[in-house]
Every structure is written in C-alpha cells, then in structure tokens.
Amino acid sequence: MRSAATDPVGFFDSGRGGLCVLEAFKRRLPRERTIYLADTAHCPYGNKPPEEIVARAKALTQELLAHRCKLIVVACNTATAAAIDVLRATWPDVPFVGMEPAVKPAVLRSKSGIVGVLATAGTFGGRLYRETCARFAKKTRILACVADDWVTLVERGETTGPRAEAAVRAYVEPLLAAGADHLVLGCTHFPHLKPLIEQVAAGRAAVLDPSDAVARQAERLLAERGLLVPAEGASVAKESGI
Ligand code: DGL
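Predicted model, so just to flag it, every value in this text is computed and none were measured. (Residues numbered from 1 in each chain as written. Predicted model: local features only at pLDDT ≥ 70, side-chain atom pairs only at ≥ 80, totals over all residues. Heavy atoms only, no water.)

Participant: What is the right way to look at the packing of aromatic side chains in this model?
Facilitator: Geometrically, a pair of aromatic rings is defined through the distance of the ring centres and the angle of the planes. In the structure shown here, the tally under the stated rule is four aromatic pairs. Each ring, one from Phe124 and one from Tyr129, has its centre 4.9 Å from the other, and the planes form 75 degrees; the classification is edge-to-face. According to the relative accessible area criterion, Phe124 is buried, its value standing at 15%. Accessibility expressed as a relative area gives 9% for Tyr129, which makes it buried. Ring pairing ties together the aromatic residues Trp150, Tyr171 and Phe190, which thus form one cluster. (Phe/Tyr/Trp six-rings, centres within 6.5 Å; stacked < 30°, edge-to-face > 60°. Buried < 20%, exposed > 50% of the residue type's maximum accessible area, 1.4 Å probe, protein only.)

Given below as structure tokens:
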C-alpha cells in the first residue's frame, strides 16, 4: 500500500501521556490529520514484561495502518524501549518515530555533572536507554528515578493540587538534593506534570521534555518521503504548471 500525503499520522501510548507529543506535532504541522490511540485498557505499561508491550504495540500499529497512517509515532518511552525494533522489522516500509529520553542535551548543558532521569522501569530496562547513557553520559552521573505513580496521577487527570504536588516533591526533591541541575522527563505522561515539576525545581534544575524534538523528527521523515500535507494551493499550482 502506497501512502499519500493526505493520509493521517498515527500516534499511540498506554494512555493520555502521548497527547503532549501529539500537541507538539500539531503546533508544528497544524494541517496534518492525526489519529491518537490511548491503550487505556492495558495502562500502565511501565512494569509489564517487554513481550506484552510488544504484542500491544503490534496490535495498535495494525489498527493505525488499517486507517492508512503514513507515519507512526510511538508516543510512549516504554513502548519505544520494548518494541520499536520489532515494529521496524515487521513493517519495513512504514516510517516509525520513537521517544528517546533527552539525556544528551541534559548532559551537554549540565554544570553540576549530575542529571536526573525520570521514567518507568520498562524504559530504564531497555537497550536504548543503556546505549544513550553509555554514549553521552560518560562523565556525568545519571540518577535514574522510577516515578510510576505519576502515570496514575496523570491518567486520573490529577495534575494540580496537594496530592500531585506531594507526589512530584517525593521524587524531585531527592534528585535536587543529590545535585541534579537537569531533570529529564523520560515518560510521555510526565510533561503533563511539568508546571508542577518546574515549580518544585525552580532555580535549582531545568526540566527537559523531548516532545518538540520528536515532532521535528516526524516532520523531517515526512518531508524526506514527500509525505507532508501540501500547503493550501500548492497542488493546484503544480497541476496547472504555474
Ligand atoms: N507514557 C508511557 C511512557 O512514556 C507509559 C507509561 C505507563 O503506561 O506506564 O513510558
């Protein structure tokens, strides 16, 4: 099946986390049509065995392809860690974009040489995270912090208020106390708590969210393949040879 520029871009996540990636994409490319699948019946992914995540990622991809998606964004760090290699091998003609914790920019900008990464157990257990740290964080101390209960909060829509603030403090304060001057959001649910995380870390650490970088990568791949929705009037001008 050949994709057309007017086909939609597909996104999936275990729940509402990946909506922040979708929003970043829509800000860059408001003309693109999109389909977002939230696998809430199987949420959370964070502590499920990789084989189970692979099976879910394949099922969701199949569904997005049935809707003719021209590119698929795996808007979930845990699913990227467990399944992106399998997805690319299973559908070699489909462009996939996955999540990558923003370890590299954090390491490059850190003055204290200590960086906190917040993600799920599944993401920390994956090859991608290990390789990224081995490649970019040779001289930096990386403090890995599993913050699974933030996923529950975000799924409940509880991103403000005393309970959310206490949950954010519980993970962020120890990272700050240990000297981290950058906090990497390595789970797509966490940017939903970014205002609160920034409030707690204010003046002590910068908070990095890779959503915009992922949206840029999706745009690059679409452009390379000539699959960006044409600007208004562009197809008319082409057809009429103007
Ligand atoms: N939003 C996902 C991630 O980026 C998964 C969170 C979960 O379901 O545990 O890792």
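Participant: Sorry if this is basic, but what is going on with the site of the ligand here?
Facilitator: The immediate surroundings of the ligand are formed by 14 residues, with Ser14, Tyr45, Asn77, Thr78 and His189 found nearest. Asn77 places a main-chain nitrogen or oxygen 2.7 Å from an oxygen atom of the ligand. At a separation of 2.5 Å, an oxygen atom of the ligand approaches a polar side-chain atom of Thr78. Here the ligand, which alone exposes 300 Å², has 100% of that area covered by the protein. (Near = heavy atom within 4 Å. Polar contact = N/O pair within 3.5 Å; in protein donor to acceptor, adjacent residues only side chain to side chain. Areas by Shrake-Rupley, 256 points an atom, 1.4 Å probe, with all protein chains shown as cover.)

Participant: Quick question: what am I supposed to make of the side chain of Ser110 here?
Facilitator: Structurally, Ser110 can be placed in the loop between helix H4 (103–109) and strand S5 (114–119). Engagement of the side chain of Ser110 in a polar contact is seen with the backbone nitrogen of Ile114, the distance being 3.5 Å. (Helix = DSSP H or I, 4+ residues; strand = E, 2+ residues; numbered from the N terminus.)

Participant: Honestly, the sheet that holds strand S7 (residues 182–185) in this entry has me stumped. Any pointers?
Facilitator: Where strands meet in a sheet, backbone hydrogen bonds hold them as pairs that are either parallel or antiparallel. One open sheet holds the four strands; their spatial order is S6-S5-S7-S8, and the pairing between them is parallel. Two strands close off the open sheet at either side, each with one partner strand: strand S6 (141–146) and strand S8 (206–208). Averaged over neighbouring strand pairs, the angle between their axes works out to 20 degrees when direction is ignored. Alignment of S5 against S6, held across six bridges, turns out to be parallel. In the strand pairing of S6, Val117 is matched with Ala144. The sheet contacts of helix H9 (residues 194–201) involve S7 and S8, and relative to S7 the element is tilted by about 165 degrees. (Pairing = 2+ DSSP bridges. Axes fitted to C-alpha atoms, helices over the stretch in contact; angles between N-to-C directions. Contact = heavy atoms within 4.5 Å.)

Participant: Is there a simple way to explain the sheet that holds strand S2 (residues 34–38) in this structure?
Facilitator: Strand order in the open sheet made by the four strands is S2-S1-S3-S4, with parallel pairing throughout. One side of each edge strand has no neighbouring strand; the edge strands of this open sheet are S2 and strand S4 (96–97). As paired elements, strand S1 (residues 9–13) and S2 share five bridges and run parallel to each other. By the bridge assignment for S2, Val9 is matched with Thr34. Sheet contacts for helix H1 (residues 19–28): S1, S2 and strand S3 (71–74); angle to S2, the most-contacted strand, approximately 170 degrees. Sitting on the sheet, helix H2 (residues 50–66) touches S1, S2, S3 and S4, and the angle it makes with S1 is about 155 degrees.

Participant: Sorry, what's going on with helix H6 (residues 127–136) here?
Facilitator: For H6, the complete set of buried residues consists of Tyr129, Thr132 and Cys133. Seen along its axis, H6 keeps its buried residues to an arc of 95 degrees; they face one direction. Where the residues of H6 are buried, they touch H4, S5, helix H5 (121–124) and S6. (Arc of directions from axis to C-beta.)

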